[in-house]
Amino acid sequence: ALNDDGTATCPLCQDRVPCGPSGLGNFRKRHAMSGRCVERQSKLGKKKTTPGSILGFLRPKPAPVPSTVNAPALIRASASSSASPASVTPKPSASTPSGSSKARFGSSGSLLATLESAIKRLPATVKTATATDELAAFGNDPAGYLGAAIPADEVFENLNGLFHRVLGWSMPVHETAALLRRGDLGLDGLLRFLAYFVQERGVPERDFGAKIQQILDAIQFL
């Protein structure tokens, strides 16, 4: 091929040969395997080649034939298919909201279930009960308070004195609120006490309704 300045570089002796208007034809006629070309080859330490090798270099190369086979279309992965399974976070089920727990005491909407829910939401300022707190009176094993022979319709009458001693008679809400403590010797113990007599001894929940409401009002007051 011709250089930009109208010369051709000989592949054998590396000489740049002016070609003039005749182009490569002039190069083949005047320079290829000429004495100058052979002399420069010897100086370059190259072996003498046959005329056919230079002619092969000068022979025009056939133009490339474009392929008639269409390349397969590029398939791009969608965002959903390329996502790693570990990056997909399952959505919580609407039927089981996060953080919810089934009430241990009483059916939904009952006074015991309402009291249990209120105890779980006690302010952080409510202290943990000790044995010297008033509500600790309900912290023992409920089965030990009354003999099993006492029928359900007489239980509250027998426990009335205990309730009045701890929670008073028509005690103001702020005074009841001052008694509130958390833990097994506090409201958790009272809830366990009430649940035992309702669920195990068959006492109607309404028998304890006034006292449960007194506690609920005090929690609301906090």
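Look above for the structure.
The paragraphs below set out a description of the structure included in this document. (Residues numbered from 1 in each chain as written. Predicted model: local features only at pLDDT ≥ 70, side-chain atom pairs only at ≥ 80, totals over all residues. Heavy atoms only, no water.)

## Here's the deal with the overall build of the protein
When you go through the protein residue by residue, the secondary structure sums to nine helices and two strands. Each helix and strand of the protein, ordered N terminal to C terminal, gives the series β-β-α-α-α-α-α-α-α-α-α. Looking at the protein as a whole, 32% of its 222 residues are labelled buried. Long-range pairs, those at least 24 residues apart, make up 65% of the contacts in the protein between residues at least 6 apart in sequence. Accessible surface for the protein amounts to roughly 14,800 Å². Of this, 55% is attributable to carbon and sulfur atoms. (Helix = DSSP H or I, 4+ residues; strand = E, 2+ residues; numbered from the N terminus. Buried < 20%, exposed > 50% of the residue type's maximum accessible area, 1.4 Å probe, protein only. Contact = heavy atoms within 4.5 Å. Areas by Shrake-Rupley, 256 points an atom, 1.4 Å probe, with all protein chains shown as cover.)

## Observations concerning helix α8 (residues 187–200)
With 14 residues, α8 extends 19 Å between its outermost C-alpha atoms, agreeing within 8% with the 20 Å of an ideal straight helix rising 1.5 Å per residue. Where burial is concerned, most of α8 is hidden: 10 out of the 14 residues are buried. Looking at α8, one finds that the buried residues are Leu 187, Gly 189, Leu 190, Leu 191, Phe 193, Leu 194, Ala 195, Tyr 196, Phe 197 and Val 198. A positive phi of about 75° marks Gly 202, the residue just after α8. (Expected span 1.5 Å × (residues − 1).)

## Things to note about the packing of aromatic side chains
Think of a pair of aromatic rings as described by two things: how far the centres are apart, and how the planes are tilted against each other in angle. The full count for this structure, using the stated rule, is nine aromatic pairs. For the pair Tyr 145 and Phe 193, a centre-to-centre distance of 4.8 Å together with 85° between the ring planes defines the contact as edge-to-face. One end of the pair, Tyr 145, is in the loop between α5 (111–120) and α6 (152–167); the other, Phe 193, is in helix α8, with 48 residues separating them in the sequence. Taken together, Phe 138, Tyr 145, Phe 156, Phe 163, Phe 193, Tyr 196, Phe 197 and Phe 208 form an aromatic cluster joined through their ring pairs. (Phe/Tyr/Trp six-rings, centres within 6.5 Å; stacked < 30°, edge-to-face > 60°.)

## What to know about the pattern of salt bridges
Counting across every chain of the model gives three salt bridges. Between Glu 116 and Lys 120 there is a salt bridge whose closest N-O contact spans 3.8 Å. In this pair, Glu 116 and Lys 120 both sit in helix α5, four residues apart, roughly one turn of the helix. Among the residues examined, Glu 116 registers a relative accessible area of 6% and is labelled buried. (Salt bridge = Lys/Arg side-chain N within 4 Å of Asp/Glu carboxyl O.)

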